[in-house]
Amino acid sequence: MANHRVGETGLTDSGPSNHHHHIPYAHVLHGMNAPTSFLHQEGAAFDFGELEEAIVLQGVKFRNDNEAKPPLFTTPRPAATLDMFPSWPMRFHQTPRQGSSKSGDEISTEDSESAVNTLSSNKTENNQLEPESPISKKASSFDHKPLQQQQQQHLQHLQQLQQQQIDQMASDNSRTGTTSQQQNQSASAAKTTPQEKRRGSTSEKQLDAKTLRRLAQNREAARKSRLRKKAYVQQLESSRIKLTQLEQELQRARSQGLFLGGCGGAAGNISSGAAIFDMEYSRWLEDDQRHMSELRTGLHAHLSDSDLRVIVDGYISHYDEIFRLKGVAAKSDVFHLITGMWTTPAERCFLWMGGFRPSELIKMLISQLDPLTEQQVMGIYSLQHSSTQAEEALSQGLEQLQQSLIDTIAGGPVIDGMQQMAVALAKLANLESFIRQADNLRQQTLHQLPRILTVRQAARCFLVIGEYYARLRALSSLWSSRPRE
Amino acid sequence: MPMGSDPMERVVKLASESAIVIFSVSSCCMCHAVKRLFCGMGVNPTVYELDQDPRGKDMERALMRLLGNPQAVPVVFIGGKLIGSMDRVMASHINGTLVPLLKEAGALWL
């Protein structure tokens with residue numbers, strides 16, 4: 001039936017989206033036929049409050065008609081169906097003409113066919129019987145005029161109509177299935193029963209529970225659909241942004257020679273987990289610069305200890321974040337972390353288990369952190385000592401893993417290659433836990449520093465750490481871009 | 001002393017018998033790492049290789065439940081008290097609480 005409708009008016013219909021809008025258009029169209037108000041009305045008493053609400057909503061609807069997503073009372077079609085005829089979904093949710101044709105003002109759940117029939121008949125009737133009606137005139141003109149024009153016209157007409165309806169309503173308390181159109185009509189034509197067939201006629205006050213529920217469900221479904229669509233679009237948008245960032249990263253990385261020479265097409269060989277981590281890491285590096293300038297200005301500005309503490313804690317959280325990201329990356333591509341392909345060549349040179357060696361960092365710091373109290377000196381040396389021991393233990397554990405792997409792969413004649421491979425794979429899986437433990441050690445070491453140092457010392461300490469690695473990265477860049485003979 | 005048939009009971013019992021107890025699996029490399037850690041500190045832990053114990057499987061399962069972790073080993077007890085897996089042991093060493101615990105349990109004299 002909706003199809004008929006479209007055909008008749010020659011207006012385009014935003015096809016599939018129709019299905020998202022289950023609000024009976026005609027209901028909206030006919031002034032006080034805002035479904036909610038409609039549904040709430042019972043009996044003969046007319047609620048002016050609801051009428052006003054409906055009118056307001058209609059106004060909103062009309063304004064939104066040209067937008068993609070009109071609120072509440074939406075219709076996929078533009079003002080097109082501004083007339084009394086329901087839009088597509090209507091046939092499933094609209095009250096049938098036949099409801100109105102029964103002068104019982106009953107809005108019953110309808111079936112599409114009858115709706116179709118009534119629709120077309122309505123239109124015909126409308127044109128035939130109510131030639132004076134601005135809407136009927138409108139209806140016929142719809143077929144020929146451009147959409148915008150029709151919309152504007154409709155808006156005007158409807159506003160007139162609404163006023164007329166108000167007047168009509170005021171004077172006629174007993175709803176006997178008068179449609180808005182009819183109200184505009186001269187009495188005879190307007191009140192005739194066949195006119196009741198008009199869809200969503202204002203006269204229909206009584207809706208049975210089933211229709212009420214259905215209408216409410218449709219509204220809900222429409223709303224959910226809109227939300228889903230919005231979420232999906234947002235997802236697409238962020239994916240698109242991520243994609244361009246990723247591409248930029250690869251571009252940058254390639255030009256900086258991060259990918260070793262041996263793999264010219266290395267960019268194509270990078271796993272998705274690794275690519276994602278690389279992108280997140282470069283973002284982390286940008287954050288790192290921000291944190292460092294915060295530390296710098298905080299120290300120079302001689303902030304209070306509590307203010308400085310906030311900045312220091314922020315820097316620790318910043319490192320917590322990269323360890324978290326590395327944990328995720330280790331699950332998908334532990335080799336990427338172990339080989340250090342995510343870092344610069346100079347950093348890679350000093351790599352230990354997929355990252356910096358904590359004892360080396362402490363050693364570097366000791367000379368930079370004077371003056372320290374005796375207790376602090378003991379604390380720092382103790383930290384260096386325990387981290388060295390932990391590194392040793394992990395290194396030895398990893399060595400045993402490597403040896404075990406070699407034994408598995410190299411072992412004897414290949415009687416059962418697949419079995420051998422399966423065992424080797426299982427052993428290889430332990431790599432992830434070693435990288436996790438190494439990152440854990442790094443994280444614990446960084447957390448321990450502010451416990452030994454004062455706030456100002458800790459701020460200076462983290463600034464030193466940040467600057468140290470920034471220089472190492474800069475060294476890598478300079479090295480890779482140096483003129484070669 | 002009656003030997004409890006409950007594997008968790010056995011774990012607790014064994015853990016309280018020595019100053020420092022490690023439950024391990026002989027082929028596990030992380031277990032090797034934690035053993036090396038204590039040896040490097042001059043500590044001599046009592047190690048139970050669950051893959052070499054007839055009730056080892058049950059004890060391993062009990063430890064899994066205790067830790068809430070599919071990775072049951074290595075797990076360390078000091079002075080009969082549960083310290084945890086490798087990450088907890090290392091965190092404890094870095095923040096300086098491990099050595100006092102070892103001394104208190106009599107596992108370390110320095």
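Note that the coordinates shown come from a computational prediction; the quantities given were computed from them, not determined experimentally.

Draft legend 1. Local environment of the overall build of chain A. Helices and strands together make up the secondary structure of chain A, namely 21 helices and two strands. For chain A, the proportion of contacts with a sequence separation of at least 24, taken over those separated by at least 6, is 71%. Accessible surface computed for chain A: about 22,800 Å², of which carbon and sulfur atoms make up 56%.

Draft legend 2. Quick peek at the interface of chain A and chain B. Residue-level contacts link 20 residues of chain A with 16 residues of chain B. Interface of chain A and chain B: buried area, both sides summed, is about 1,600 Å²; carbon and sulfur atoms make up 67% of it. Of all residues in chain A, A:Gln389, A:Gln400 and A:Gln437 bury the most surface against chain B, accounting for 28% of the area lost on that side. In this assembly, chain A and chain B are joined by zero salt bridges. For the pair chain A and chain B, the number of links is five residue pairs in polar contact (both at pLDDT 80 or more). The biggest single contributor to the side of chain A that touches chain B is helix H18 (residues 374-410) of chain A, with eleven residues. Grouping the constituent residues of the side of chain A that touches chain B by class yields seven nonpolar, twelve polar and one charged.

Draft legend 3. Molecular detail of the sheet that holds strand S4 (residues 81-84) of chain B. All names here are of chain B. In spatial order, the strands read S2-S1-S3-S4; together these four strands make up an open sheet with mixed pairing. Here the strands that pair on one side only, and so sit at the sheet edges, are strand S2 (46-49) and S4. Between one strand and the next, the sheet's axes are offset by a mean angle of 25°, whatever the strand orientation. By the bridge criterion, four bridges tie strand S1 (residues 20-24) to strand S3 (residues 75-78) in an arrangement that is antiparallel. Counted as the bridge partner of isoleucine 20 is isoleucine 78 from S3. Together, S1, S2 and S3 form the strand contacts of helix H2 (residues 29-40), whose direction differs from that of S1 by roughly 160°. Along the sheet, helix H3 (residues 56-67) contacts S1, S3 and S4; its crossing angle with S3, the most-contacted strand, is approximately 80°.

Draft legend 4. Here's a closer look at the pattern of salt bridges. Residues and elements named next belong to chain A. According to the stated counting rule, one finds 17 salt bridges over all chains in the structure shown. Among the salt bridges present, the one from arginine 296 reaches glutamate 467, with a minimum N-O distance of 3.3 Å. One end of the pair, arginine 296, is in helix H14 (residues 272-300); the other, glutamate 467, is in helix H21 (residues 455-480), with 171 residues separating them in the sequence. Arginine 296 sits in the partly exposed class, given a relative accessible area of 30%. Taking the shortest distance from any N to any O, the salt bridge between lysine 326 and aspartate 439 comes out at 2.9 Å. Separated by 113 residues along the polypeptide, lysine 326 in helix H15 (residues 305-338) and aspartate 439 in helix H20 (residues 430-452) bring together distant segments of the chain. Like lysine 326, the residue aspartate 439 is buried in the burial classification. It is possible to trace a salt-bridge network through shared partners that takes in Asp288, Glu347 and Arg473.

Draft legend 5. The arrangement of the packing of H20(A) against H2(B) in detail. Where H20(A) contacts H2(B), the two axes come as close as 10 Å, and the packing angle between them is 35°. Across from A:Ser433, A:Phe434 and A:Gln437 in H20(A), the residues of H2(B) making contact are B:Cys29, B:Met30 and B:Ala33. Of the residues that constitute the contact of H20(A) with H2(B), the class distribution is four nonpolar, two polar and no charged.

Draft legend 6. Inspection of the packing of helix H19 (residues 417-428) of chain A against H20(A) at higher detail. All names here are of chain A. Running from N to C, H19 and H20 point in directions that differ by 10°, and their axes come no closer than 4 Å. When the axis of H19 is compared with that of H20, the two are roughly parallel. Judged by residue contacts, Ala426, Lys427 and Leu428 of H19 engage Asn430, Leu431 and Glu432 from H20. Here the residues of the contact of H19 with H20 are counted per class, giving three nonpolar, one polar and two charged.

Draft legend 7. Quick look at the confidence of the model for chain A. The predicted model of chain A has a mean per-residue pLDDT of 72, with 53% of residues at 70 or higher. Note that pLDDT drops below 50 for residues 1-45 of chain A; the model gives that stretch 180 contacts with residues more than four away or on any other chain.

Draft legend 8. Molecular detail of the pairing of S1(B). Residues and elements named next belong to chain B. Where burial is concerned, most of S1 is hidden: five out of the five residues are buried. Neither face of S1 is open: one carries Ile20, Ile22 and Ser24, the other Val21 and Phe23, and all of them are buried. Alignment of S1 against S2, held across four bridges, turns out to be parallel. In the sheet register, valine 21 faces S2, and the bridge partner there is threonine 46.

Draft legend 9. Main features of the side chain of B:Ser85. All names here are of chain B. Among the secondary structure elements, serine 85 is positioned in the loop between S4 and helix H4 (86-94). Relative accessible area serves as the criterion here: at 15%, serine 85 is assigned to the buried category. Ignoring anything within four residues of it in the chain, the contact list for serine 85 reads Leu67 and Pro74.

Draft legend 10. Structural context of the side chain of A:Thr445. Along the polypeptide, A:Thr445 turns up in helix H20. Beyond its immediate sequence surroundings of up to four residues, A:Thr445 is in contact with A:Pro358, A:Ile362, A:Leu383, A:Ser387 and B:Ile94.

Draft legend 11. View of the environment of A:Ile366. Residues and elements named next belong to chain A. With respect to the element layout, isoleucine 366 can be found in helix H17 (residues 358-368). Sequence-wise, isoleucine 366 and isoleucine 380 are 14 residues apart; in three dimensions their C-alpha atoms are separated by 7.5 Å. In contact with isoleucine 366, other than residues within four places in its own chain, are Ile380, Tyr381 and Gln384.

Draft legend 12. Main features of the packing of aromatic side chains. Residue and element names in this part refer to chain A. Across all of its chains, the model carries twelve aromatic pairs over all chains by this definition. Taking 6.0 Å as the distance between ring centres and 15° as the angle between the ring planes, the aromatic pair formed by tyrosine 281 and tryptophan 284 counts as stacked. Here tryptophan 284 and tyrosine 281 lie together in helix H14, a separation of three residues that amounts to about one turn. Tyrosine 281 gets classed as buried once you look at its relative accessible area, which sits at 7%. Their ring planes at 85° and their centres at 4.8 Å tell us that tyrosine 281 and tryptophan 342 sit as a pair that is edge-to-face. Of the two residues, tyrosine 281 sits in helix H14 while tryptophan 342 sits in the loop between H15 and helix H16 (345-349), which places them 61 residues apart along the sequence. Each member of the pair, tyrosine 281 as well as tryptophan 342, is classed as buried. Counting every residue linked through ring pairs, the aromatic cluster contains Phe277, Tyr281, Trp284, Tyr315, Tyr319, Phe323, Trp342 and Phe462. Above the plane of the ring of phenylalanine 356 lies arginine 442, whose end atom (NZ or CZ) is 5.9 Å from the centre. Lying over the aromatic face of tryptophan 479, arginine 482 brings its terminal NZ or CZ to 3.7 Å of the ring centre.

Rules used throughout
Residues numbered from 1 in each chain as written. Chains lettered and ligands numbered in written order. Predicted model: local features only at pLDDT ≥ 70, side-chain atom pairs only at ≥ 80, totals over all residues. Heavy atoms only, no water. Helix = DSSP H or I, 4+ residues; strand = E, 2+ residues; numbered from the N terminus. Contact = heavy atoms within 4.5 Å. Areas by Shrake-Rupley, 256 points an atom, 1.4 Å probe, with all protein chains shown as cover. Buried area = accessible area lost by both parts, 1.4 Å probe. Salt bridge = Lys/Arg side-chain N within 4 Å of Asp/Glu carboxyl O. Polar contact = N/O pair within 3.5 Å; in protein donor to acceptor, adjacent residues only side chain to side chain. Nonpolar A, V, L, I, M, F, W, Y, C, P; charged D, E, K, R; others polar. Pairing = 2+ DSSP bridges. Axes fitted to C-alpha atoms, helices over the stretch in contact; angles between N-to-C directions. Buried < 20%, exposed > 50% of the residue type's maximum accessible area, 1.4 Å probe, protein only. Parallel < 35°, antiparallel > 145°, perpendicular 65-115°, else oblique. pLDDT = per-residue confidence, 0-100. Phe/Tyr/Trp six-rings, centres within 6.5 Å; stacked < 30°, edge-to-face > 60°. Lys NZ or Arg CZ within 6 Å of the ring centre and 35° of its normal.

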